[in-house]
2 protein chains.
Amino acid sequence: MIYYSYENFRDDTRKLIGEVSGFEPEVIVAVARGGLTLAHAMAEGLGIRAVESIRTELYDNDVKREGICIFGECDLLNKKRVLVVDDIADSGDTLEAIMQKLQNDNPQAEFKTATLFYKKTSIHQPDFTVNEAPDWIDFFWERDFK
Amino acid sequence: MIYYSYENFRDDTRKLIGEVSGFEPEVIVAVARGGLTLAHAMAEGLGIRAVESIRTELYDNDVKREGICIFGECDLLNKKRVLVVDDIADSGDTLEAIMQKLQNDNPQAEFKTATLFYKKTSIHQPDFTVNEAPDWIDFFWERDFK
């Protein structure tokens, strides 16, 4: 387990901004909650005013299979390049479901993903990322406000 | 002008969480971009998974009057207590426009606002807030990623 401090976050986010800048996104979609602080920082660093958010909830349906329900409509009309931002690609289930929905709803746009951490076993591998994830990460936003 | 560091933010956000907890919000609406990091931290501190976001753009219409255009649909159906979060109530124009739209779209819900800073001259006075604003604030998210 590592404690991921604001200083770690600041340094990694600067790297991520450098990686992403060539893509020139017009809008950032934050995956809530985990991607909110990162999306904010990246939007400031990249000079992007348009930040939207999307969130998911897990549910169990009648036949006991787990599903992902997506909330939050993103207004991406006329947008060509969209960056989807989350803290970590862990199992990758959430990012994969969100990417499918966004691409399906907005066939005109090119979508790319950025995360601070990834796991090699994730079913979605981010286009831009910084660190391979340790077993457990205690992000500062998860610890500092409790 | 003051530089508002992460440490300042952390301490003030803890105070704000203490103030807000009695309201027991079910969902947080972040005003993007300024309210995103605060909304994330407060959602973690209050144990609220449902975070949505809304954003505004200023525009000039034909008769040269400035207006506010609101983007982002919030899914607040069946929600009774909603907390709207922004970094600062400055002129208050944005918060006032957002509160009117949200209350109009969701007459069943009670809305309250939380900000880190307020100005006495703001046309919207937040329900929960921490500091009277100095003339200019350099928030860490505005400086640390450029």
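Here, every reference points to the structure presented above.
Residues numbered from 1 in each chain as written. Chains lettered and ligands numbered in written order. Predicted model: local features only at pLDDT ≥ 70, side-chain atom pairs only at ≥ 80, totals over all residues. Heavy atoms only, no water.

1. A short note on the packing of aromatic side chains
Residues and elements named next belong to chain A. Using the criterion set out here, one finds 25 aromatic pairs over all chains in the structure. Each ring, one from F9 and one from F140, has its centre 5.4 Å from the other, and the planes form 65°; the classification is edge-to-face. Of this pair, F9 sits in helix 1 (residues 6-20) while F140 sits in helix 4 (residues 140-143); the two residues are 131 residues apart in sequence, bridging distant segments of the chain. Of the two residues, F9 and F140, both sit in the buried class. (Phe/Tyr/Trp six-rings, centres within 6.5 Å; stacked < 30°, edge-to-face > 60°. Helix = DSSP H or I, 4+ residues; strand = E, 2+ residues; numbered from the N terminus. Buried < 20%, exposed > 50% of the residue type's maximum accessible area, 1.4 Å probe, protein only.)

2. A look at the interface of chain A and chain B
If you look at the interface, chain A gives 35 residues, while chain B gives 35 residues. Approximately 3,300 Å² of surface area, both sides summed, lies buried where chain A meets chain B, with 54% of it carried by carbon and sulfur atoms. On the chain A side of the interface with chain B, the three residues burying the most area are R33, E44 and F145 of chain A, jointly 26% of the side's total. Counting across the interface, chain A meets chain B through six salt bridges. Where E44 of chain A meets K146 of chain B, a salt bridge forms, and the shortest distance between an N and an O atom there is 3.8 Å. At the boundary of chain A and chain B, one finds 16 residue pairs in polar contact (both at pLDDT 80 or more). Looking at the side of chain A that touches chain B, the elements with two or more residues in it are helix 1, helix 2 (36-46), strand 3 (51-60) and helix 4 of chain A. Taken together, the residues of the side of chain A that touches chain B sort by class into 14 nonpolar, eight polar and 13 charged. (Contact = heavy atoms within 4.5 Å. Buried area = accessible area lost by both parts, 1.4 Å probe. Salt bridge = Lys/Arg side-chain N within 4 Å of Asp/Glu carboxyl O. Polar contact = N/O pair within 3.5 Å; in protein donor to acceptor, adjacent residues only side chain to side chain. Nonpolar A, V, L, I, M, F, W, Y, C, P; charged D, E, K, R; others polar.)

3. Observations concerning helix 1 (residues 6-20) of chain B
Structurally, the α-helix is built with 3.6 residues per turn, so residues lying three or four positions apart point the same way. All names here are of chain B. The terminal C-alpha atoms of helix 1, which comprises 15 residues, lie 20 Å apart, in line with the 21 Å expected from a rise of 1.5 Å per residue. Those residues of helix 1 that fall on the buried side of the exposure criterion are Y6, F9, D12, T13, L16, I17 and V20. Buried residues of helix 1, viewed axially, fall in a sector of 150°; they line one side. (Expected span 1.5 Å × (residues − 1). Arc of directions from axis to C-beta.)

4. Thoughts on unusual backbone geometry
With an omega dihedral of -5°, the bond running from A32 of chain A to R33 of chain A counts as a cis peptide bond. If you trace the backbone, R33 of chain A turns up in the loop between strand 2 (27-32) and helix 2. Backbone geometry at E24 of chain A places phi at a positive 50°, although glycine is not the residue there. Residue placement: E24 of chain A occurs in the loop between helix 1 and strand 2. Positive phi, normally seen in glycine, also occurs at N78 of chain B, with a value near 70°. Its place among the elements puts N78 of chain B in the loop between strand 4 (66-71) and strand 5 (81-89).

5. Some details on the relation of the copies chain A and chain B
Between chain A and chain B, the superposition needs a rotation of 180° and an axial shift of 0.0 Å, giving an RMSD of 0.0 Å. This pairing of chains is accounted for by a two-fold axis. When each C-alpha of chain A is compared by its distance to the rotation axis, T37 of chain A comes out closest, at 2.3 Å. Most of the interface of chain A is mirrored in chain B: 100% of its interface residues are interface residues there too. (Least-squares fit on C-alpha atoms with pLDDT ≥ 70 in both.)

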